[in-house]
Amino acid sequence: MTARLLFVPFVIGSLVAVTLGVYGNLHTPTGVAVNLAGFSGPQTVKVWLATLSALFAIVQLISASSMYGLFGPGAPSWTAWLHRWSGRIAFLLAVPVAVHCLYALGFATYNLRTVVHSLLGCFFFGVFTVKMLALPKKGLAGWVLPVLGGLAFTGLIALWLTSSFWYFTTFGIRF
Ligand code: HEM
């Protein structure tokens, strides 16, 4: 039952991940850069947007843990609302960063960090797609959404580690 319900979301999620990877490989990076007032350059804009996205993802993880009873029975009534909105904001903050990565930089292979980062970027959007398509499905086994949510969270935090964290530990914490 669960496997049948997850088949289409899995196929579409895989197509999203592969399409981003193929585009990132075939597309000639443009190098275009958009800076925002108050930042020293486009890279720091991305570094801080990705950091904010990771922070909202942590709020999403904590609210999900509360909904699944990890902090004791009965989560406050607003927890589901907090979970949904922190997830939406985390995703919306990640999209412009990823658009710049793919359009301006492409799928990079010049060192292990950028290969892993590029693969994680495709994986994140793929697994996020599977989770969003699986969410409305009735009859899924209880472990499916926590596992998909956990994979999306891990993907985003690993993306942050291979980019913003690398930037902060290489160039220091700056705007
Ligand atoms: C969708 C697929 C993605 C691809 C192919 C990709 C690829 C890249 C590449 C090639 C760089 C330059 C690395 C360097 O030379 O330092 C980069 C930088 C960056 N990426 Fe991505 N990325 C993707 C998604 C994401 C996502 C979803 C986030 C965060 C939410 C992100 C955050 C960053 C940040 C903050 C930088 C700048 C710091 C740095 O230079 O490493 N990327 N990305």
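Everything below is about the structure printed above this text.
Residues numbered from 1 in each chain as written. Predicted model: local features only at pLDDT ≥ 70, side-chain atom pairs only at ≥ 80, totals over all residues. Heavy atoms only, no water.

## Structural notes on the overall build of the protein
No. 1: In terms of helices and strands, the protein carries five helices and zero strands.
No. 2: Taken from the N to the C terminus, the helices and strands of the protein come in the order α-α-α-α-α.
No. 3: Radius of gyration (C-alpha) of the protein: 17 Å, near the 16 Å computed for a compact globule of 175 residues.
No. 4: Taken over the C-alpha atoms alone, the protein extends approximately 45 × 35 × 25 Å along its principal axes.
No. 5: Put simply, the protein has 175 residues, and 39% of those count as buried.
No. 6: If you take every contact in the protein between residues at least 6 apart in sequence, the share linking residues at least 24 apart comes to 74%.
No. 7: Summed over its atoms, the accessible surface of the protein is roughly 10,000 Å², and 76% of this surface lies on carbon and sulfur atoms. (Helix = DSSP H or I, 4+ residues; strand = E, 2+ residues; numbered from the N terminus. Rg over C-alpha atoms; globule rule 2.2 N^0.38 Å. Buried < 20%, exposed > 50% of the residue type's maximum accessible area, 1.4 Å probe, protein only. Contact = heavy atoms within 4.5 Å. Areas by Shrake-Rupley, 256 points an atom, 1.4 Å probe, with all protein chains shown as cover.)

## Let's talk about the site of the ligand
No. 1: Contacts to the ligand come from 25 residues, most closely from Q43, C101, Y110, R113 and H117.
No. 2: Contacts to the ligand include Y110, whose side-chain N or O atom sits 2.4 Å from an oxygen atom.
No. 3: In the environment of the ligand, an oxygen atom lies 2.6 Å from a nitrogen or oxygen atom belonging to the side chain of R113.
No. 4: Those elements that provide at least two residues to the shell around the ligand are α2 (42-67), α3 (79-105), α4 (112-134) and α5 (144-171).
No. 5: With seven residues, α4 is the single largest residue contributor to the shell around the ligand. (Near = heavy atom within 4 Å. Polar contact = N/O pair within 3.5 Å; in protein donor to acceptor, adjacent residues only side chain to side chain.)

## Some thoughts on the coordination of the iron atom of the ligand
No. 1: Taken together, C101 (SG) and H117 (NE2) make up the full set of protein donors to the iron atom of the ligand, lying 2.1 to 2.3 Å away.
No. 2: Note that the iron atom of the ligand binds six donor atoms; their angles at the metal cover 88 to 179°, and the shape is octahedral. Of this pair, C101 sits in helix α3 while H117 sits in helix α4, placing them 16 residues apart in sequence. (Donors = N, O, S within 2.8 Å, 3.2 Å for Na, K, Ca; no water. Tetrahedral: all angles 85-135°; square planar, octahedral: opposite > 155°, others 65-115°.)

## Side note on the packing of α2 against α3
No. 1: Following both chains from N to C, one finds α2 and α3 inclined at 150°, their axes separated by 8 Å at the closest point. Relative to α3, the element α2 is oriented roughly antiparallel. In this structure, α2 meets α3 at a crossing whose hand is left-handed.
No. 2: Along the lines of polarity and charge, the residues of the contact of α2 with α3 split into 17 nonpolar, nine polar and one charged. (Axes fitted to C-alpha atoms, helices over the stretch in contact; angles between N-to-C directions. Parallel < 35°, antiparallel > 145°, perpendicular 65-115°, else oblique. Left-handed = near helix turned anticlockwise from the far one by under 90°. Nonpolar A, V, L, I, M, F, W, Y, C, P; charged D, E, K, R; others polar.)

Interpretation in functional terms is not warranted from these geometric data alone.
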